[in-house]
Amino acid sequence: MIRLFVHYGIHFLVPIGIGFYFFKTNRLKAVLILLGGILIDIDHLWATPIFDEYRCSINFHPLHSYYAIGIYILLFTSKKTRIFGLAFLIHILADFVDCLFIGF
């Protein structure tokens, strides 16, 4: 139960908190972009089975690979794409913490 709370808390509560705290002028837009980071889970559709609660997503799915994470870090370093990089990195953090819970 704690695993689900932490995992989905990072997926949803952290982006909302960051959007409200750091993006005071465009809160709604920022929160929606940050929550949109979950869209990288589309790569789960190519896996068999699509969902496996004991599978570590990091470096298993293409959009969760180390190469993709490198691109997300690069996005974060540019002011124009920083919020998108942040959205993807928050998502990766949530999945990484989930991997820790399953002992990977």
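Here goes a summary of the coordinates provided. (Residues numbered from 1 in each chain as written. Predicted model: local features only at pLDDT ≥ 70, side-chain atom pairs only at ≥ 80, totals over all residues. Heavy atoms only, no water.)

### Some remarks on the overall build of the protein chain
Helix and strand counts for the protein chain come out as four helices and zero strands. Starting at the N terminus and walking to the C terminus, you meet the elements of the protein chain as α-α-α-α. Residue burial in the protein chain is summarised as follows: out of 104 residues, 38% are buried. Considering only intrachain contacts with a sequence separation of at least 6, the fraction spanning at least 24 residues in the protein chain is 52%. (Helix = DSSP H or I, 4+ residues; strand = E, 2+ residues; numbered from the N terminus. Buried < 20%, exposed > 50% of the residue type's maximum accessible area, 1.4 Å probe, protein only. Contact = heavy atoms within 4.5 Å.)

### A few points about the packing of helix 1 (residues 2–22) against helix 2 (residues 27–35)
Running from N to C, helix 1 and helix 2 point in directions that differ by 150°, and their axes come no closer than 8 Å. Between helix 1 and helix 2, the angle falls in the class roughly antiparallel. Here the hand of the crossing between helix 1 and helix 2 comes out right-handed. Only Arg27, Ala30, Val31, Leu34 and Leu35 of helix 2 make contact with helix 1, whose side of the interface consists of His11, Phe12, Pro15, Ile16, Ile18, Gly19 and Phe20. Broken down by class, the residue content of the contact of helix 1 with helix 2 amounts to nine nonpolar, two polar and one charged. (Axes fitted to C-alpha atoms, helices over the stretch in contact; angles between N-to-C directions. Parallel < 35°, antiparallel > 145°, perpendicular 65-115°, else oblique. Left-handed = near helix turned anticlockwise from the far one by under 90°. Nonpolar A, V, L, I, M, F, W, Y, C, P; charged D, E, K, R; others polar.)

### Things to note about the nonpolar core
Of all hydrophobic cores here, the largest spans eleven residues; its members are Ile10, Ile18, Ala30, Ile33, Leu34, Ile83, Leu86, Ala87, Ile90, Ala94 and Val97. Secondary-structure elements contributing two or more residues to this core are helix 1, helix 2 and helix 4 (82–101). Per-element accounting of this core gives the leading share, six residues, to helix 4. Residues contacting isoleucine 18, with those up to four places away along its chain left out, are Phe23, Leu34, Leu86 and Ile90. Grouped together as the second largest cluster of nonpolar side chains are nine residues, Ile40, Ile58, Ile92 and Cys99 included. (Core = buried A, V, L, I, M, F, W, Y, C linked by side-chain atoms within 4.5 Å.)

### What about the pattern of salt bridges?
The full count for this structure, using the stated rule, is one salt bridge. The closest approach of N and O atoms between arginine 3 and aspartate 98, which form a salt bridge, is 2.7 Å. With arginine 3 in helix 1 and aspartate 98 in helix 4, this residue pair connects regions lying 95 residues apart in the sequence. Here arginine 3 matches aspartate 98 in class, with each residue buried. (Salt bridge = Lys/Arg side-chain N within 4 Å of Asp/Glu carboxyl O.)

Worth remembering: the numbers are spatial, not functional.
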